[in-house]
Amino acid sequence: MATKYYAMIDGEQRGPFTLEELPRAGVRPSTYIWCKGLPDWQKAEDNADVCRLFRNHLYDIMHPSSAPVVMTPEELDKYKVKPNDPAGPPPTRFDKFLQEAGESPLPTLDEITSQQDTTTPPVSMIGYAWLVTIFCFFPTGIVALNYAYKSKKHWKNGKNELSHEYSRKAKMWTGVTFFIGVIAYGLFMALSL
């Protein structure tokens, strides 16, 4: 039985492909591929079978000026990995490391936000926002202060989720303000020497 390959094409896992279908699917030397027997995803250029396949086409692949033969979107849709595939989708590039660490696959953004504890008040960023506004960069510091005060106001009004969201934004803008200040200070010191 022929080996079936999966490939990461346009940020999606596609396949299974036979070895001969890989060039038409858009697989290039830098494309990550996986097949049964490989411990993890690897670049196509690191796989001996794929390299042998590409040997005759290497010039065309490495020189983008020549038009490569690629599958049509309809053909590629045929090879999209289905979530309920009985064979199961191939592992993601990080599953190996998560399994070694004894952890489950990465949670989705919805799972992370649903797990956030909104019963406790968020960290008050008002003091930090004032410090970076005064010492780092005034314009973005005002934005950080605005979000920090909105977080405090919404917590008092019982809007816990909104309060946590504003606190997260205040942290982000406080960090942005701090780094802009550090960069501005570094440029000032470099120019004054």
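The preceding data block contains the structure.
So, how was this worked out
Residues numbered from 1 in each chain as written. Predicted model: local features only at pLDDT ≥ 70, side-chain atom pairs only at ≥ 80, totals over all residues. Heavy atoms only, no water. Helix = DSSP H or I, 4+ residues; strand = E, 2+ residues; numbered from the N terminus. Buried < 20%, exposed > 50% of the residue type's maximum accessible area, 1.4 Å probe, protein only. Contact = heavy atoms within 4.5 Å. Areas by Shrake-Rupley, 256 points an atom, 1.4 Å probe, with all protein chains shown as cover. Expected span 1.5 Å × (residues − 1). Phe/Tyr/Trp six-rings, centres within 6.5 Å; stacked < 30°, edge-to-face > 60°. Pairing = 2+ DSSP bridges. Patch = residues over 30% accessible without salt bridge, like charges linked within 9 Å, V, L, I, M, F, W, Y side chains within 5 Å. Salt bridge = Lys/Arg side-chain N within 4 Å of Asp/Glu carboxyl O. Axes fitted to C-alpha atoms, helices over the stretch in contact; angles between N-to-C directions. Parallel < 35°, antiparallel > 145°, perpendicular 65-115°, else oblique. Left-handed = near helix turned anticlockwise from the far one by under 90°. Nonpolar A, V, L, I, M, F, W, Y, C, P; charged D, E, K, R; others polar.

Our focus in this paragraph is the overall build of the chain. For the chain, the count of helices and strands is nine helices and four strands. In the chain, the succession of helices and strands from N to C terminus is β-β-α-β-β-α-α-α-α-α-α-α-α. Counting over 193 residues, the chain shows a buried share of 30%. Here the contacts in the chain between residues at least 6 apart in sequence split such that 59% fall between residues at least 24 apart. Total accessible area on the chain stands at roughly 13300 Å², and carbon and sulfur atoms take up 61% of it.

The next subject is helix 8 (residues 138–156). Between its terminal C-alpha atoms helix 8 stretches 27 Å, which fits the 27 Å expected from 19 residues at 1.5 Å a residue. Burial in helix 8 covers these residues: Thr140, Gly141, Ala144, Leu145, Tyr147, Ala148, Ser151 and His154. Buried residues along helix 8 sit against helix 7 (126–135) and helix 9 (160–192). One or two positions beyond helix 8, positive phi appears at Gly158, with a value near 80 degrees.

Using the criterion set out here, one finds three aromatic pairs in the structure. Where Tyr6 meets Trp34, the ring centres are 5.8 Å apart and the plane angle is 40 degrees; that geometry is what we call tilted. One end of the pair, Tyr6, is in strand 1 (residues 5–9); the other, Trp34, is in strand 3 (residues 32–35), and 28 residues separate them in sequence. Given a relative accessible area of 15%, Trp34 falls into the buried group. Pairing Tyr147 with Tyr166 gives two aromatic rings, centres 5.8 Å apart and planes at 25 degrees, and the pair type is stacked.

Moving on, we come to the pairing of strand 1. In terms of residue burial, strand 1 counts as a mostly covered element, since four of its five residues are buried. Alignment of strand 1 against strand 2 (residues 12–17), held across four bridges, turns out to be antiparallel. Pairing of Ala7 across the sheet is with Arg14, part of strand 2. Taking the residues between adjacent antiparallel strands as the criterion, strand 1 and strand 2 are bridged by two residues, where Asp10 takes a positive phi near 55 degrees. Pairing between strand 1 and strand 3: three bridges, direction antiparallel. Looking at strand 3, one finds that Tyr5 is bridged to Cys35.

A cluster of nonpolar side chains, Val123, Tyr128, Trp130, Leu131, Ile134, Phe135 and Tyr149, forms an exposed patch at the surface whose accessible area comes to about 800 Å². Here the nonpolar patch takes five residues from helix 7, the largest share from any one element. Its place among the elements puts Tyr128 in helix 7.

As a further point, take the packing of helix 7 against helix 9. Relative orientation of the contacting elements helix 7 and helix 9 amounts to 25 degrees, with a least axis distance of 9 Å. Judged by the angle between their axes, helix 7 and helix 9 are roughly parallel. Where helix 7 crosses over helix 9, the handedness of that crossing is left-handed. Contacts between helix 7 and helix 9 involve Tyr128, Ala129, Val132 and Thr133 from the first element and Thr174, Thr177 and Phe178 from the second. When its residues are assigned to classes, the contact of helix 7 with helix 9 shows four nonpolar, three polar and no charged.

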